Amino acid sequence: MRGNFENTGKLVRLILRRERVMSAVWLAVLLLFMVGLAPALGSLFDDAARAAYAETLKNPAMIALMGPVYGSDNYTAGAMYSNAMLLWVIIAVAVMNILLAIRHTRADEERGRTEIVRSAPTGRLANLNAAMITAVIVNSALALLTGLGIAVMGIDSMGFTDSMLYGVAVGVSGLFFAAVAALFSQVFASARTAVMFSLAALGLFYLMRAAGDMSSEALSLISPMGLIQRAQIYVENYWWPVLVLLLETSAVVAVAYTLNARRDMGQGFISAKPGRREASSSLRSAFGLTFRLSQNTIALCSLGIFLLGASYGAILGDIESFVTSSDWYMQIVGTDPNYTTAQMFVSMVISLTSLMALAVVLITILKLRSEERDGYAEHVLSRAVSRRRYLLGYVVLALVASVLVQCAIAVGLYASAVAVLPDPGTLTLGYLMKATLVYLPAMWVMLGAAVLLIGLAPKATAAIWGYYGFTFFAIFIGRLPNLLPGWLDRITPFGYVPQLPVDHVNLAMLAALTSLAAVLVVGGVVFYGKRDAVT
Amino acid sequence: MPALSLETVKLTKRFGRFTALNGIDLKVNEGEVFGYIGPNGAGKTTTIRVLLGIIQASEGSAQVFGMDAWKDAVEIHKRVAYVPGDVSLWPNLTGGEVIDLFVSLRGKLDRTRREKLLKMFDLDPSKKCRSYSKGNRQKVALVAAFASDADLYILDEPTSGLDPIMGQVFQEYVLEQKNNGKGIFLSSHILSEVERLCDRVGIIRDGKLVETGTLSQLRHLTRFSMSVETENPIEGLEGMRGVYGISSERGGVSFQVDSAEIGSVVAHISRFKVVKLESMPPTLEDLFMRHYNVRGGT
Ligand SMILES: Nc1ncnc2c1ncn2[C@@H]1O[C@H](COP(=O)(O)OP(=O)(O)O)[C@@H](O)[C@H]1O
Ligand SMILES: [Mg+2]
């Protein structure tokens with residue numbers, strides 16, 4: 001095996017050079033997030049508010065989402081910080097490491113760069129070894145800077161050694177996923193597949209610990225994320241989970257090296273499986289294509305919106321203490337003597353998530369523009385498909401998406417409400433559906449505006465995102481009393497949506513919005529029929 | 001007179017201030033193979049896009065099968081198969097899926113023909129388009145076009161990414177379609193291909209059609225290359241009309257001569273006891289070059 005690692009040092013220097021910008025940006029953003037938020041979380045809440053907040057975290061839904069609550073009897077700023085942050089930080093750091101490792105292993109091999117390197121007097125394993133050493137360097141820097149950075153903030157419950165533990169836990173987790181990615185890049189012959197499987201492993205580990213945290217400690221310990229949470233940073237400060245994970249990492253690396261030494265360059269242990277030779281009958285029409293191109297986006301976004309609804313719903317169990325823990329929350333949620341806090345909260349959540357759901361609708365319709373820009377639309381329009389039919393296909397899909405995402409909000413909220421509330425009371429599925437679906441006409445007006453832009457000013461379609469941003473601002477910030485002039489939310493369709501249960505459903509208003517949407521869509525379609533298709 | 005498959009009258013297309021096409025008058029007969037040649041940026045693709053109703057003429061008219069290219073686009077497309085010049089394909093669909101989709105968007109799929117074409121062009125339809133090279137993406141578009149039953153094939157530089165063997169396969173297939181009475185509008189700057197396949201050609205330059213006609217018609221406009229060896233040294237060639245570029249080689253001379261003057265030049269030369277005479281007809285390349293002044297022409 002001697003000579004297998006020949007010239008690793010030179011390759012490490014090469015990789016570090018190529019990583020100068022990319023890894024530096026990743027590190028800077030991560031540090032800003034981790035170190036910057038530490039004092040904010042420390043000072044934003046007083047002891048009582050933190051204790052109240054800890055209570056809201058102690059239900060199965062929140063534990064599945066965020067992990068077990070350690071040290072809740074004396075919920076310090078540190079305990080809250082590691083509870084609220086560690087899991088998300090690990091996910092971000094894992095993504096960074098997966099991309100880093102595959103960029104310098106399988107992706108280089110795919111592009112033929114490795115061939116040049118290997119034809120020089122470098123060892124068989126030198127490239128993989130150099131990539132792993134680079135990962136060690138980057139993650140060590142991250143660990144050190146994170147630990148020092150947090151310690152320097154001088155927050156009461158977050159001392160030096162404990163903060164170093166936090167930094168090292170983050171760094172070792174990152175290294176673990178770099179090793180996993182290096183392993184997958186031996187197994188699969190394409191960088192894309194390797195990235196996908198690594199991300200899938202990350203997701204799987206997250207779900208494993210979610211299930212484990214609710215029911216089985218062993219399951220959580222198998223997941224590296226669950227394992228690291230058992231370090232109980234800023235509460236008990238155990239180092240053993242970090243050491244165990246380091247051992248696991250070494251084992252994964254060893255397997256990756258063994259596989260690398262045994263395979264031919266450019267090959268994987270599992271070759272790409274061939275795709276379909278023929279199109280299924282559902283793909284054989286213009287709408288079939290439109291649907292196929294957006295189905296994954298719509299499905300994933302709906303799932304995301306559902307989870308968003310479900311995680312807001314998970315707070316409903318302790319909603320009183322949660323909302324009253326901060327003036328800011330009270331103002332955003334609003335109070336009304338006729339309704340419970342839960343009802344007001346749900347109304348606020350629906351308003352907020354509907355705005356997010358609107359983005360899915362806009363993305364669906366604007367896909368047509370990127371199809372034009374990328375030169376794909378020409379294939380369809382040069383065949384027996386009229387422009388009108390092509391554009392209307394996108395409109396229909398966007399309408400379907402709008403209904404889907406709104407239902408996802410209602411179902412998500414309902415699923416959590418049933419789980420955390422002994423008696424959901426007025427929060428029936430029917431009520432929630434009604435409260436979310438009343439947003440549809442307003443969403444359609446925004447959709448219509450996008451269609452009109454597509455027909456009339458194709459180069460300026462991005463303007464719809466400006467209007468979207470304005471709507472978000474006017475509606476969300478508008479919830480705070482006396483901050484914005486009253487007319488501001490009147491110039492966005494969302495300002496006309498009845499907020500159940502405080503407002504009553506005004507059918508005339510909904511009909512007016514729907515008609516406006518129809519006029520906009522028809523206008524857009526007419527103009528689209530009159531303009532050049534390639535712009 | 002045969003029916004026209006394509007006709008443009010004073011076709012002009014402007015992009016903002018830029019005039020991409022300037023008064024193009026084209027007539028292509030049904031069942032004819034028409035070569036549309038010109039360098040990059042001449043306006044070939046723009047012309048084709050107007051003919052397909054993807055973009056609209058600024059002035060003038062464009063008709064296909066007697067129908068308006070813009071208003072009756074869908075009806076026209078039912079009879080036309082098109083291969084774009086720059087084939088970009090959805091990275092996450094396979095070649096086979098794209099072929100089936102393209103054919104279905106026009107009409108019915110002929111499975112045996114599809115399989116035959118896949119074999120001819122040596123294309124693996126189970127790969128994602130992401131992994132195809134330019135040539136392979138072009139093959140996908142070609143298979144999709146030829147697998148559909150069309151009356152007119154509009155091909156925009158279809159072989160620019162193919163290797164020579166595949167270029168040959170392509171040419172054979174086009175000849176086969178021609179024999180079946182199909183019309184073909186072939187934009188290209190591969191002149192040997194145009195020379196072999198086309199009944200007539202049009203040369204476009206900077207948005208203007210500078211020449212159209214059959215190859216033999218166009219050849220009259222240009223010069224033959226000749227090289228001669230004689231027993232006695234040739235005299236008096238310099239003064240003759242229509243003779244250019246005389247250069248002496250060992251034992252002989254070579255020069256170019258206008259097609260119209262060949263008779264008198266040959267008569268003159270024969271007085272010096274010809275040992276060897278070679279004459280090369282003008283190639284399309286010469287024609288082309290003359291229009292682009294790459295080599296010192298008229
Ligand atoms: N959509 C467009 N906007 C502006 N200019 C264009 C557009 N399409 C083509 N052109 C210009 O028109 C000219 C002709 O282009 P094209 O027809 O693609 O040439 P060819 O196909 O002969 O290489 C080029 O100068 C090109 O830059
Ligand atoms: Mg072109």
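Quick notes on the rules
- Residue positions are given per chain, counting from 1 as you read along its sequence in written order.
- Whichever chain is written first is A, and whichever ligand is written first is 1; the rest continue in order.
- Side-chain atom pairs in this predicted model are given and counted only at pLDDT of 80 or more, local residue features only at pLDDT of at least 70, and totals for whole chains, interfaces and linings cover all residues.
- Strands are runs of DSSP state E lasting at least 2 residues, helices are runs of H or I lasting at least 4, and numbering of each runs from the N terminus.
- Based on C-alpha atoms, the radius of gyration is set beside the globule rule, defined as 2.2 Å times the residue count to the power 0.38.
- To assign burial, the other C-beta atoms lying within 10 Å of each residue's own C-beta are counted, with C-beta atoms placed from the backbone; 20 or more indicates buried, 12 or fewer indicates exposed, and intermediate counts indicate partly exposed.
- By definition, residues are in contact whenever their C-beta atoms, placed on the basis of the backbone, come within 7 Å of each other.
- We call two strands paired when DSSP finds no fewer than two bridges between them.
- In this classification, Asp, Glu, Lys and Arg are treated as charged, Ala, Val, Leu, Ile, Met, Phe, Trp, Tyr, Cys and Pro as nonpolar, and every other residue, Gly included, as polar.
- To define axes, lines are fitted to C-alpha atoms, for helices over the stretch in contact only, and angles between the resulting N-to-C directions are given on a 0 to 180 degree scale.
- Here is the rule for handedness: rotate from the far helix to the near one, and if that takes an anticlockwise turn smaller than a right angle the crossing is left-handed, while a clockwise turn gives right-handed.
- For the domains described, the bounds stem from an automatic or database domain assignment.
- For every residue, the pLDDT score states the predictor's confidence, bounded by 0 at the bottom and 100 at the top.
- Any residue whose C-beta atom, as set from the backbone, lies within 6 Å of a molecule or strand is reported as near that molecule or strand.
- The cut-offs work like this: below 35 degrees is roughly parallel, past 145 is roughly antiparallel, 65 to 115 is roughly perpendicular, and the gaps in between are oblique.
- Defined on buried residues, the nonpolar core groups Ala, Val, Leu, Ile, Met, Phe, Trp, Tyr and Cys residues joined through C-beta atoms within 7 Å.

## Side note on the overall build of chain A
If you tally the helices and strands in chain A, you get 22 helices and zero strands. In terms of C-alpha radius of gyration, chain A reaches 26 Å, essentially the compact-globule figure of 24 Å for 535 residues. Across its three principal directions, the C-alpha atoms of chain A cover 80 × 65 × 40 Å. Expressed as a percentage of the 535 residues in chain A, the buried residues total 45%. Restricting to contacts in chain A with at least 6 residues of sequence separation, those with at least 24 account for 76%.

## What about the overall build of chain B?
A count of helices and strands for chain B gives 10 helices and 14 strands. Structurally, chain B occupies a C-alpha span of about 70 × 45 × 35 Å along its principal axes. Expressed as a percentage of its 298 residues, the buried residues of chain B come to 42%. For chain B, long-range pairs separated by at least 24 residues make up 70% of all intrachain contacts whose partners lie at least 6 apart in sequence.

## Some remarks on the sheet that holds strand 1 (residues 4-15) of chain B
Strand order in this open sheet of four strands is 2-1-4-5 (chain B), and the pairing throughout is antiparallel. Every interior strand has two partners, whereas the edge strands, strand 2 (18-29) and strand 5 (67-68) of chain B, have only one.

## Concerning the interface of chain A and chain B
Buried accessible area, meaning the area lost when the parts come together, often serves as the stated size of an interface. Listed by partner, the interface residues are 27 residues for chain A and 26 residues for chain B. For the side of chain A that touches chain B, the element with the most residues is helix 17 (residues 377-381) of chain A, which contributes four residues. For the side of chain A that touches chain B, a count of residues per class yields 13 nonpolar, six polar and eight charged.

## Section: the pairing of strand 13 (residues 252-258) of chain B
All names here are of chain B. In this structure, strand 11 (residues 223-230) lies alongside strand 13, joined through seven bridges in antiparallel fashion. When the bridges of strand 13 are listed, S225 appears paired with Q256. Judged from the five bridges that link them, strand 12 (residues 243-249) and strand 13 form a sheet pairing that is antiparallel. Residue pairing in the sheet places V243 in a bridge with V257 of strand 13. Connecting strand 12 to the next strand, strand 13, in antiparallel fashion are two residues, including G251 with a positive phi near 80 degrees.

## Describing the packing of helix 3 (residues 95-104) of chain B against helix 5 (residues 134-147) of chain B
All names here are of chain B. For the pair helix 3 and helix 5, interaxial distance at closest approach is 9 Å and the crossing angle is 35 degrees. Considering how the two elements wind past one another, helix 3 and helix 5 form a crossing that is right-handed. Where helix 3 abuts helix 5, its residues G95, V98, I99, F102 and V103 lie against V140, V143, A144 and A147. Here the residues of the contact of helix 3 with helix 5 sort into eight nonpolar, one polar and no charged.

## Points about the domain arrangement of chain A
All names here are of chain A. By the assigned domains, chain A splits into domain 1 (8-262) and domain 2 (281-528). Computed over C-alpha atoms, the centres of domain 1 and domain 2 are 34 Å apart. If you look at the interface, domain 1 gives 10 residues, while domain 2 gives 12 residues. Secondary structure elements with two or more residues in the side of domain 1 that touches domain 2: helix 2 (47-57) and helix 3 (60-66). Tallying contributions element by element places helix 2 first for the side of domain 1 that touches domain 2, with five residues. Class assignment of the residues belonging to the side of domain 1 that touches domain 2 gives a composition of seven nonpolar, two polar and one charged.

## Section: the confidence of the model for chain B
Residues and elements named next belong to chain B. Confidence in the prediction of chain B, expressed as mean pLDDT, is 88, and 96% of residues score 70 or more. Contacts for the low-pLDDT stretch residues 294-298, under 50 throughout, to residues beyond four places or in other chains number three contacts. Here the complex is predicted with pTM 0.79, and the ipTM for its interfaces comes to 0.83.

## Description of the site of ligand 1
Surveying the vicinity of ligand 1 reveals 12 residues, the closest of which are B:F15, B:A20, B:K44, B:T45 and B:T46. Near ligand 1, the surrounding residues belong to chains A and B. Here the element with the most residues in the shell around ligand 1 is helix 1 (residues 44-51) of chain B; it accounts for three residues. Here the residues of the shell around ligand 1 are counted per class, giving five nonpolar, six polar and one charged.

## Describing the environment of A:V405
Residues and elements named next belong to chain A. Within the element layout of this structure, V405 appears in helix 18 (residues 387-420). The exposure class of V405 is buried, given the 29 C-beta atoms found within 10 Å. Apart from residues no more than four positions distant in its own chain, V405 is found in contact with C301, S302, I305, A357 and V360.

## Brief notes about the pairing of strand 3 (residues 33-37) of chain B
Residue and element names in this part refer to chain B. Judged by how many residues are buried, strand 3 sits mostly within the fold: five of five residues are covered. Of the two faces of strand 3, the one lined by V33, G35 and I37 and the one lined by F34 and Y36 are each fully buried. Here strand 3 runs beside strand 9 (residues 200-205); their pairing, made up of four bridges, is parallel. Paired with F34 across the bridge in strand 9 is R200.

## Quick look at the sheet that holds strand 13 of chain B
All names here are of chain B. Within the open sheet, the four strands sit side by side as 12-13-11-14. Their pairing is antiparallel. The sheet is open, and its two borders are formed by strand 12 and strand 14 (274-280), each paired with just one other strand. Within this sheet the neighbouring strands show an average axis-to-axis angle of 15 degrees, counted without direction. Of the strand pairs in this sheet, strand 11 and strand 14 are connected by six bridges, and their pairing is antiparallel. Paired with M226 across the two strands is S279, which belongs to strand 14. Helix-sheet contacts for helix 9 (residues 262-270) involve strand 11, strand 12, strand 13 and strand 14, and the interaxial angle to strand 11 is about 5 degrees.

## Things to note about the domain arrangement of chain B
Assigned domains of chain B: these are domain 1 (4-215) and domain 2 (223-281). For domain 1 of chain B versus domain 2 of chain B, the separation of C-alpha centres amounts to 43 Å.

## Observations concerning the packing of helix 20 (residues 440-456) of chain A against helix 21 (residues 463-476) of chain A
Residues and elements named next belong to chain A. Running from N to C, helix 20 and helix 21 cross one another at 160 degrees; their axes reach a closest spacing of 10 Å. Relative to helix 21, the element helix 20 is oriented roughly antiparallel. Judged by the twist between their axes, the crossing of helix 20 over helix 21 is right-handed. Facing helix 20, whose interface residues are A449, A450 and L453, helix 21 presents A463, I464 and Y467. Across the contact of helix 20 with helix 21, the residue classes tally to six nonpolar, no polar and no charged.

## Some remarks on the nonpolar core
Core analysis: the largest hydrophobic core is formed by 159 residues, its most contacted members being A:I365, A:A450 and B:V143. Examining the composition of this core, we find that 17 residues originate from one element, helix 18 of chain A, more than from any other. With residues near it in sequence (within four places) discarded, A:I365 still touches A:Y394, A:V395, A:A398, A:L447, A:A450 and A:V451.

## Comments concerning unusual backbone geometry
Of note, the bond from A:L500 into A:P501 is cis; its omega dihedral lies within 30 degrees of zero at 0 degrees. Following the sequence through the fold, A:P501 ends up in the loop between helix 21 and helix 22 (507-528). Notably, A:N7 is not glycine yet its phi reads approximately 70 degrees, a positive angle. At B:E157, a residue that is not glycine, the phi angle is positive and equals roughly 40 degrees. With respect to the element layout, B:E157 can be found in the loop between strand 7 (152-156) and helix 6 (164-179).

## Considerations on the environment of B:P282
Relative to the elements of secondary structure, B:P282 occurs in the loop between strand 14 and helix 10 (284-292). Along the sequence, B:P282 and B:Q256 sit 26 residues apart, while their C-alpha atoms lie 9.8 Å from each other.

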